[in-house]
Amino acid sequence: MSFLEQGYAIHPGILTAEQVARLREAMAALPEDTAVRRKRSVYGARHLLDVCPEVRELAASSAVRSLVTPILGECAFAVRAIFFDKVPGANWSLFWHQDNVIAVKERRETDGFVGWSKKSNVWQVQPPAEVLSKMVAVRLHLDDCFAGNGALRVIPGSHRSGWLDDELDDWKRRVTEVTCEAGTGDAVLMCPLTLHASAPSEQPTHRRVIHIEYAAANLPRGLEWHDRVR
C-alpha cells in the first residue's frame, strides 16, 4: 500500500556511512542553549534548521527531497527539524498520540489555530487537522532502530480521519500496530496525524533520529512558517 493510504513508509539506505558520521558529530556539537536539552549527552534538540547548518543542508538534499516530492510535489519545503535520542538517564517513552503543533514566525490570531505557546523562543500552535494532513515527517536514523530500543510504532491508516482524541481506543482495537524498525541510514516517513508511539529502550545504546517536517502550502491570513528550507 502507498504512503497516502498507510500514513507511513520505510525507505532503506538514504544516508551514506559518511553522512551518518558527519551528522553524529554535528549532533554531539550542538550548542548548549535554550534550543537544546542535555543530560550526560545531547538527547533532544528543537529548531535544528536554525542552529545546525548540517541539518539545514540535509533537509534540502536531493536524497531526502526525493522521498518527499512524490507526496507533496516539487514545491515542498522543510518547516521544522528536531533531534531525538534515547540514552541511559534520558530514556523516555511516548504514548499513542498524533503530532499536533507547527512552528510559526509570530502569533496571529486565526480561526482554527489554537493552543498558542512558545518553546525555545519560537511560537507553536495547533492548526486545523487539514494542515497536518498535508505534511510529511521524515525520520532519518543515525543508529539501528529496532523494537528493543524504542522504534517508532504506528497504526496504519489512522491519519485519514482527522483528530482522533475520542477514537484512539477504537483504532487500537481494530487495526494492528506496526513497528517501524530501521537500520542506520534508513528513513521512516510519517504523516503527523498518523497515530504513533514509542517505548523506552531496553538496551543502553543510542537511538539517534533527525526528524524533519515538510509542507507545500502557505498558511492562511498572514501566518508564516517559522522555517522554509528548499
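Residues numbered from 1 in each chain as written. Predicted model: local features only at pLDDT ≥ 70, side-chain atom pairs only at ≥ 80, totals over all residues. Heavy atoms only, no water.

### Re the overall build of the protein
- Summing up its helical and strand segments, the protein has seven helices and 14 strands in all.
- The dimensions of the protein, computed from C-alpha atoms along their principal axes, are 45 × 40 × 35 Å.
- Residues classed as buried in the protein amount to 51% of the 230 residues present.
- Considering only intrachain contacts with a sequence separation of at least 6, the fraction spanning at least 24 residues in the protein is 81%.
- Looking at charge distribution, the protein has the averaged site of its 28 positive side-chain charges lying 3 Å from that of its 29 negative ones. (Helix = DSSP H or I, 4+ residues; strand = E, 2+ residues; numbered from the N terminus. Buried < 20%, exposed > 50% of the residue type's maximum accessible area, 1.4 Å probe, protein only. Contact = heavy atoms within 4.5 Å. Lys, Arg positive; Asp, Glu negative; His and termini not counted. Charge placed at Lys NZ, Arg CZ, Asp CG, Glu CD.)

### Side note on the sheet that holds strand 6 (residues 102-104)
- Spatially, the three strands line up as an open sheet ordered 6-8-7, and their pairing is antiparallel. Two strands bound the open sheet, and with one partner strand each, they are strand 6 and strand 7 (114-119). Taking each pair of neighbouring strands and ignoring which way they run, the sheet shows an average axis angle of 35°.
- As defined by bridge partners, strand 6 adjoins strand 8 (residues 122-126) across three bridges and the pair is classed as antiparallel. For Val104, the partnering residue across the bridge sits in strand 8 and is Trp123. (Pairing = 2+ DSSP bridges. Axes fitted to C-alpha atoms, helices over the stretch in contact; angles between N-to-C directions.)

### Concerning the environment of Tyr214
- Tracing the sequence through the fold places Tyr214 in strand 14 (residues 209-215).
- Measuring from C-alpha to C-alpha, the distance between Tyr214 and Ala199 comes to 25 Å, with 15 residues separating the pair along the chain.
- Apart from residues lying up to four places away in sequence, Tyr214 is in contact with Ala59, Val64, Val68, Leu72, Phe77, Ala78, Val79, Lys134, Met135, Val136 and Val138.
- Engagement of the side chain of Tyr214 in a polar contact is seen with the backbone oxygen of Ala59, the distance being 2.6 Å. (Polar contact = N/O pair within 3.5 Å; in protein donor to acceptor, adjacent residues only side chain to side chain.)

### Here we look at the sheet that holds strand 13 (residues 196-198)
- With antiparallel pairing, the four strands of this open sheet are ordered in space as 5-13-10-11. Among the strands making up the open sheet, the edge pair consists of strand 5 (94-97) and strand 11 (178-179).
- Pairing of strand 10 (residues 153-154) with strand 11, which is carried by two bridges, proceeds in the antiparallel orientation. Its bridge partner being in strand 11, Arg153 is matched across the sheet by Thr179.

### Points about the layout of surface pockets
- Estimated volume of the second largest pocket: approximately 160 Å³.
- For the second largest pocket, the full set of lining residues is Pro128, Glu130, Val131, Lys134, Met135, Ala215, Ala216, Ala217, Asn218, Leu219 and Trp225.
- Classifying every residue of the lining of the second largest pocket by side-chain character gives eight nonpolar, one polar and two charged. (1 Å grid on protein atoms, 1.4 Å probe; cavity = no way out; pocket = protein on both sides within 12 Å on 5 of 7 lines; lining within 4 Å. Points joined across faces, edges and corners; volume = space filled by probe spheres on them. Nonpolar A, V, L, I, M, F, W, Y, C, P; charged D, E, K, R; others polar.)

### Description of unusual backbone geometry
- Positive phi outside glycine occurs at Ser120, with the angle close to 50°.
- Examined against the element boundaries, Ser120 turns out to sit in the loop between strand 7 and strand 8.
- Residue Arg221 is not a glycine yet carries a positive backbone phi of 55°.
- Following the sequence through the fold, Arg221 ends up in the segment after strand 14.
- Taking relative accessible area as the criterion, Arg221 reaches 65% and is therefore assigned exposed.

### Things to note about helix 4 (residues 53-60)
- Those residues of helix 4 not exposed but buried are Val55, Leu58 and Ala59. The buried residues of helix 4 occupy an angular sector of 100° when projected down its axis, which confines them to one face. (Arc of directions from axis to C-beta.)

### A closer look at the pattern of salt bridges
- Under the counting rule described, the total for this entry stands at 13 salt bridges.
- Here Arg22 ties to Glu57 by a salt bridge, and the two come within 3.4 Å at their closest N and O atoms. With a gap of 35 residues between them, Arg22 in helix 2 (residues 17-28) and Glu57 in helix 4 connect regions that are remote in the sequence.
- By relative accessible area, which is 42% here, Arg22 ends up partly exposed.
- Taking the shortest distance from any N to any O, the salt bridge between Arg80 and Glu213 comes out at 3.0 Å. Note that Arg80 is positioned in strand 4 (residues 77-84) and Glu213 in strand 14, a separation of 133 residues in sequence. Across the pair, Glu213 and Arg80 agree in class, each one buried.
- When salt bridges that share partners are traced, they join Arg24, Asp143 and Arg208 into one network. (Salt bridge = Lys/Arg side-chain N within 4 Å of Asp/Glu carboxyl O.)

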